[in-house]
Amino acid sequence: MIIKKLLPALILSTAFLLMYNTNTMGQARGEGGDLGIGVMLGEPTGISVKSWNNERTAFSFGAAWSFGRNDALHLHGDYLLHNWLSEVEEGELAFYYGIGARLALSDPDARLGLRIPVGLNYIIPEVPLDLFVEAVPIFNFTPSTDFDGNGALGIRYYF
């Protein structure tokens with residue numbers, strides 16, 4: 001029931017935010033564009049999309065499969081804030097944190113939760129790639145309230 005109501009809203013909001021891409025980050029960095037698409041490996045494993053708003057903020061989305069205790073399709077979206085670290089010899093490194101939501105579709109119950117991602121994002125010099133690692137505590141609201149967690153290592157190519 002809740003899946004049928006939330007899934008169309010999640011898909012429409014993701015499409016809207018990706019179309020909102022303003023190409024400011026790619027111009028500031030000199031390589032690629034603002035929209036990055038890649039893979040994330042961990043819990044869950046799947047596709048990662050990041051759309052920069054400016055040099056400090058971005059939206060991040062994922063569609064992935066959980067191989068953990070409850071096999072499930074995970075869909076998530078986050079709003080991220082980046083703090084750039086100045087002591088990097090090559091490339092650029094940022095610590096990021098944010099807030100978002102996760103929908104885990106599994107049998108028999110779907111889980112909806114609040115995500116609080118924290119991680120590191122490394123932008124590789126002279127190529128439109130970034131690497132990231134993140135840990136994400138999750139507070140589930142449905143079907144019952146409990147805590148969960150995700151973590152991933154990933155790479156994205158920027159257009």
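Just so it is clear, the structure is predicted and the values come from calculations on it, not from any experiment.

Q: Describe the overall build of the protein chain, with residues and values.
A: Secondary structure assignment for the protein chain yields two helices and nine strands. The helix and strand sequence of the protein chain, counted from the amino end, reads α-α-β-β-β-β-β-β-β-β-β. Within the protein chain, buried positions represent 40% of all 159 residues. Long-range contacts, defined here as pairs at least 24 residues apart, represent 50% of the contacts in the protein chain between residues at least 6 apart.

Q: Can you explain the pattern of salt bridges? Please cite residues and give values.
A: Per the stated rule, a full pass over the model turns up four salt bridges. Here D148 ties to R102 by a salt bridge, and the two come within 3.4 Å at their closest N and O atoms. On the criterion of sequence distance, the pair formed by D148 in strand β9 (residues 146–158) and R102 in strand β5 (residues 92–105) is long-range, its members being 46 residues apart. A relative accessible area of 1% means that R102 is categorised as buried. Across the pair R156 and D130 runs a salt bridge, and its minimum N-O distance is 3.2 Å. A residue pair is termed long-range when its members are at least 10 positions apart, and R156 in strand β9 and D130 in strand β8 (residues 129–142) qualify at 26 residues. Accessibility classification places R156 together with D130 in one group, the buried group. Because the salt bridges share partners, they merge into one network encompassing D78, R115 and E134.

Conventions we followed
- Throughout, residues of each chain are indexed from 1 in the direction in which the sequence is written.
- Local features in this predicted model are restricted to residues of pLDDT 70 or higher, and side-chain atom pairs are both shown and tallied only at a pLDDT of 80 or more, whereas totals for entire chains, interfaces and linings draw on every residue.
- Side-chain calculation: all heavy atoms of the structure are included, whereas hydrogens and water are not.
- Put simply, DSSP marks the helices as runs of H or I at least four residues long and the strands as runs of E at least two long, and each gets a number from the N terminus on.
- A 1.4 Å probe rolled over the protein chains alone gives each residue an accessible area, and that area as a share of the maximum for its type sets the label: buried under 20%, exposed over 50%, partly exposed in between.
- Pairs of residues are marked as contacts when any of their non-hydrogen atoms sit within 4.5 Å.
- One speaks of a salt bridge when a side-chain nitrogen belonging to Lys or Arg is within 4 Å of a carboxyl oxygen belonging to Asp or Glu.

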